[in-house]
Amino acid sequence: MKRIIVAAAILIAVATLCIVTLKIQTNNIKELLTITDKMQKAYEDDKIEYCLELSYEFVEKFDKKTNLFPLFMRHSDISKIEEIAVSLPVLLETDNIQHFAPELIKCRIMLKNMADLESPTPENIL
């Protein structure tokens, strides 16, 4: 009987840990998506300086918010998004504004896809 109780306790602990990490991961992705929305709005309103500030903030927060993601997902998915994120402030500083919007949209879509792929839905499980 003791083994069953210990096994159930371990199972509950693992399930709790999975739920907590999934919630943290989802919240971090939502925060990053919020920053991309603000950048998009600033870009559309032609507030390039504010957009530049947000892009630096995005790069900084991306590093902080995704530092544990490689423990749960493929490194290549995160590194692809990071490559785009790092290029966003550079595009604004070098006056490549016409390339900024597509890169921002691509970054946002990749973040959204990451969030969708990590959610425990029947399509993702099967």
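Residues numbered from 1 in each chain as written. Predicted model: local features only at pLDDT ≥ 70, side-chain atom pairs only at ≥ 80, totals over all residues. Heavy atoms only, no water.

A. Structural context of the side chain of threonine 66. Position of threonine 66 among the secondary structure elements: in the loop between helix H2 (48-65) and helix H3 (75-93). Ignoring sequence-local partners within four residues, the contact set of threonine 66 consists of Leu32 and Ile78. (Helix = DSSP H or I, 4+ residues; strand = E, 2+ residues; numbered from the N terminus. Contact = heavy atoms within 4.5 Å.)

B. How the structure looks around helix H1 (residues 2-44). With 43 residues, H1 should reach 63 Å at 1.5 Å per residue; the first-to-last C-alpha distance of 63 Å fits that figure. Inspection of H1 places Gln25, Asn28, Ile29, Leu32, Leu33, Ile35, Thr36, Met39 and Ala42 among the buried residues, and these make up the whole buried set. Here the buried face of H1 lies against H2, H3 and helix H4 (97-118). Once H1 finishes, aspartate 46 follows within two positions and takes phi at roughly 60°, a positive value. (Expected span 1.5 Å × (residues − 1). Buried < 20%, exposed > 50% of the residue type's maximum accessible area, 1.4 Å probe, protein only.)

C. Unusual backbone geometry, seen in detail. Even without being a glycine, aspartate 46 presents a positive backbone phi close to 60°. By the element assignment, aspartate 46 lies in the loop between H1 and H2. Residue aspartate 46 is classed as exposed on the basis of its relative accessible area, which comes to 61%. Not every positive phi belongs to a glycine, and aspartate 95 is a case in point at roughly 60°. Mapped onto the elements of the fold, aspartate 95 is located in the loop between H3 and H4.

D. Here's a closer look at the state of the cysteines. Inspection of every chain in the model, using the stated rule, returns zero disulfides. Cysteine cysteine 51 remains unbridged, with the sulfur of cysteine 107 as its closest cysteine sulfur at 12 Å. By relative accessible area, which is 0% here, cysteine 51 ends up buried. (Disulfide = S-S within 2.5 Å.)

E. Layout of the nonpolar core. If you look at the biggest cluster of nonpolar residues, it comprises 26 residues, and the most contacted ones within it are Met39, Phe58, Phe62, Phe100, Leu111 and Met114. Contributing elements (two or more residues each) for this core: H1, H2, H3 and H4. In terms of residue count, H3 provides more of this core than any other element does, seven residues in total. Discounting chain neighbours no more than four positions away, the residues touching methionine 114 are Ile29, Phe69, Met73 and Ile81. (Core = buried A, V, L, I, M, F, W, Y, C linked by side-chain atoms within 4.5 Å.)

F. How the structure looks around the side chain of threonine 36. On the secondary structure map, threonine 36 appears in helix H1. If sequence neighbours within four positions are ignored, threonine 36 has contacts with Phe58, Leu104, Arg108 and Leu111.

G. Region of interest: a nonpolar patch on the surface. On the surface, a nonpolar cluster with roughly 380 Å² of combined accessible area is contributed by Met1, Ile4 and Ile5. Its location among the elements puts methionine 1 in the segment before H1. For methionine 1, a relative accessible area of 74% puts it in the exposed group. (Patch = residues over 30% accessible without salt bridge, like charges linked within 9 Å, V, L, I, M, F, W, Y side chains within 5 Å. Areas by Shrake-Rupley, 256 points an atom, 1.4 Å probe, with all protein chains shown as cover. Salt bridge = Lys/Arg side-chain N within 4 Å of Asp/Glu carboxyl O.)

H. How the structure looks around the packing of H1 against H4. Axis separation between H1 and H4 bottoms out at 10 Å; the angle between their running directions is 160°. As summarised for this structure, H1 and H4 are arranged roughly antiparallel, according to the angle between their axes. Our pair here, H1 against H4, has a crossing hand that is left-handed. Along the contact surface, H1 presents Leu22, Gln25, Ile29, Leu32, Leu33, Thr36, Asp37, Met39, Gln40 and Tyr43, while H4 presents Ile97, Phe100, Ala101, Leu104, Ile105, Arg108, Leu111, Lys112, Met114, Ala115 and Glu118. Its residues placed into classes, the contact of H1 with H4 shows 14 nonpolar, three polar and four charged. (Axes fitted to C-alpha atoms, helices over the stretch in contact; angles between N-to-C directions. Parallel < 35°, antiparallel > 145°, perpendicular 65-115°, else oblique. Left-handed = near helix turned anticlockwise from the far one by under 90°. Nonpolar A, V, L, I, M, F, W, Y, C, P; charged D, E, K, R; others polar.)

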